[in-house]
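Structural overview
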Amino acid sequence: MFYLIGLGLGDAKDITVRGLEIVKKCDKVLLEAYTSVLTVGKEVLEDFYNRPLIIADRELCEGNIDDFLKEAKDKDVALLVVGDPLGATTHSDMLLRARQYGVEFQVVHNASIINAVSCCGLQLYNFGETVSIPYWTETWQPDSWFQKIIENFSRNLHTLCLLDIKVKEPTEESLTKKVRQYMDPKFMSVKEAASQLVKVIERNPDSGMTQESLAVGLSRVGSPEQKIAVRSLQVMQDCDLGPPLHSLVIPAPTLHPLELEYLAQFR
Ligand SMILES: C[S@@+](CC[C@H](N)C(=O)[O-])C[C@H]1O[C@@H](n2cnc3c(N)ncnc32)[C@H](O)[C@@H]1O
């Protein structure tokens, strides 16, 4: 059996009882480590489960996951995913591959940033399409995500912006070499996201959004260190919400009175 298990957002103890029982009985347990991270590291999880974990980085998930899936034909193999395994990053491709190989699978759901974002008081029903904001480089500054924010904004919907994570990314120079070298891990902050957003707004003066538009910064949602800040985009560029992970929300222009009242706590 192949198990896809959500770990939730906060710490080791956020795994569900069913998830924990499966982790304890599995022959092999992998920890997906490139689409999201827990505030606690691998060692804390290993201590809590009392078993070793195999780190599944992007290379393993995209290249070698088939070996593990095939192994799951006769053994119990689990892949642990921070948040919900089908929330934001779907991992549904793995389930399709499992089906293709005739491997049975089960999904154990958990809290996701997709629903926990409601901790800021914005109602989940009023969110439009979620976007991902990628790190820009000198030569690569995509902004298609901005059009989606504008579409949501013009329909009076909030936008959850998931922020880029670079974990075990090969350096550009090493891409053409035999031996890969990797960049230090980096996680986009609300400050960085707000400043990219302000730059796109400046390039699109008719978008309907301005530097004065409201933004909600969220960090380490679900953990005891969770932080929420409501600022204009301009001010958000200087707002330090501490260690990762961060998300940014662009609220709809017209808010429900309850949403306004709840948000006011974080001004
Ligand atoms: C690709 S998504 C993966 C989501 C995960 N599977 C889930 O269901 O929550 C990762 C992004 O979600 C956001 N995120 C995830 N967990 C978060 C948290 N606890 N607090 C704030 N943002 C979070 C960050 O922007 C992060 O870069």
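For every chain, the first residue of its written sequence is number 1, and the numbers climb from 1 along that sequence. pLDDT decides what is reported in this predicted model: residues at 70 or higher carry local features, side-chain atom pairs at 80 or more are listed and counted, and totals for whole chains, interfaces and linings draw on all residues regardless. Only heavy atoms go into the side-chain values, all of them from the structure, while hydrogens and water stay out.

**Quick word on the domain arrangement of the protein**
Under the convention used in this document: Start and end positions for the domains come from either an automated domain assignment or a database one. Residues count as neighbours in contact if any of their non-hydrogen atoms are within 4.5 Å of one another. Put simply, buried area is how much 1.4 Å-probe accessible surface two parts lose in total, over both of them, once they are put together. Salt bridges, as used here, are contacts in which a Lys or Arg side-chain nitrogen is within 4 Å of a carboxyl oxygen on Asp or Glu. Counting of polar contacts relies on pairs of N or O atoms within 3.5 Å, with two restrictions inside protein: one atom must be capable of donating a hydrogen and the other of accepting it, and residues adjacent in sequence are counted only when both atoms are side-chain atoms. Three classes are used, and their members are as follows: Ala, Val, Leu, Ile, Met, Phe, Trp, Tyr, Cys and Pro are nonpolar, Asp, Glu, Lys and Arg are charged, and the others, Gly among them, are polar.
Parsing the protein into structural domains produces domain 1 (2-111) and domain 2 (114-266). Using only C-alpha atoms to locate each centre, domain 1 and domain 2 end up separated by 27 Å. Listed by partner, the interface residues are 15 residues for domain 1 and 16 residues for domain 2. Carbon and sulfur atoms supply 59% of the area buried between domain 1 and domain 2, which totals about 1,100 Å² over both sides. Its largest share of buried area at the contact with domain 2, domain 1 owes to Val37, Thr39 and Glu59, together 34% of the area lost on that side. Where domain 1 touches domain 2, the interface holds 0 salt bridges. Counting every contact that joins domain 1 to domain 2 gives 1 residue pair in polar contact (both at pLDDT 80 or more). Of the residues that constitute the side of domain 1 that touches domain 2, the class distribution is 6 nonpolar, 5 polar and 4 charged.

**Points about the sheet that holds strand β2 (residues 28-32)**
Under the convention used in this document: Following DSSP output, two strands are said to pair if at least two bridges run between them. Secondary structure elements are defined from DSSP: runs of H or I of at least 4 residues count as helices, runs of E of at least 2 residues count as strands, and each element is numbered from the N terminus. Each axis is a line fitted through C-alpha atoms, taken for helices only over the stretch in contact, and angles between the N-to-C directions span 0 to 180 degrees.
Pairing in this open sheet of 5 strands is parallel, and the strands run β3-β2-β4-β1-β5 from one edge to the other. Each edge of the open sheet carries a strand with a single partner, namely β3 (54-56) and β5 (105-108). Looking at each pair of strands side by side, their axes are set apart by 25° on average, direction ignored. Here β2 runs beside strand β4 (residues 77-81); their pairing, made up of 4 bridges, is parallel.

**Some points on the packing of aromatic side chains**
Rule in force here: Pairing of aromatic rings covers Phe, Tyr and Trp, the last through its six-membered ring, and needs centres within 6.5 Å; plane angles under 30 degrees mean stacked, over 60 mean edge-to-face, and all others mean tilted. Note on classification: 1.4 Å probe, protein chains only; a residue is buried when its accessible area is under 20% of the maximum for its type, exposed when over 50%, partly exposed between these limits. Definition used: whenever NZ (Lys) or CZ (Arg) falls within 6 Å of the ring centre and also within 35 degrees of the ring normal, the charge is taken to sit over that ring.
A complete count under the given rule lists 3 aromatic pairs for this structure. A centroid spacing of 6.0 Å and a plane angle of 55° characterise the contact between phenylalanine 48 and tyrosine 49, whose relative ring orientation is tilted. On the basis of relative accessibility, which here comes to 2%, the residue tyrosine 49 falls in the buried class. Pairing tryptophan 145 with phenylalanine 146 gives two aromatic rings, centres 6.5 Å apart and planes at 85°, and the pair type is edge-to-face. There is no split in this pair, since tryptophan 145 and phenylalanine 146 are both buried. One residue, lysine 70, lies across the ring of tyrosine 101, its end atom 5.1 Å from the ring centre.

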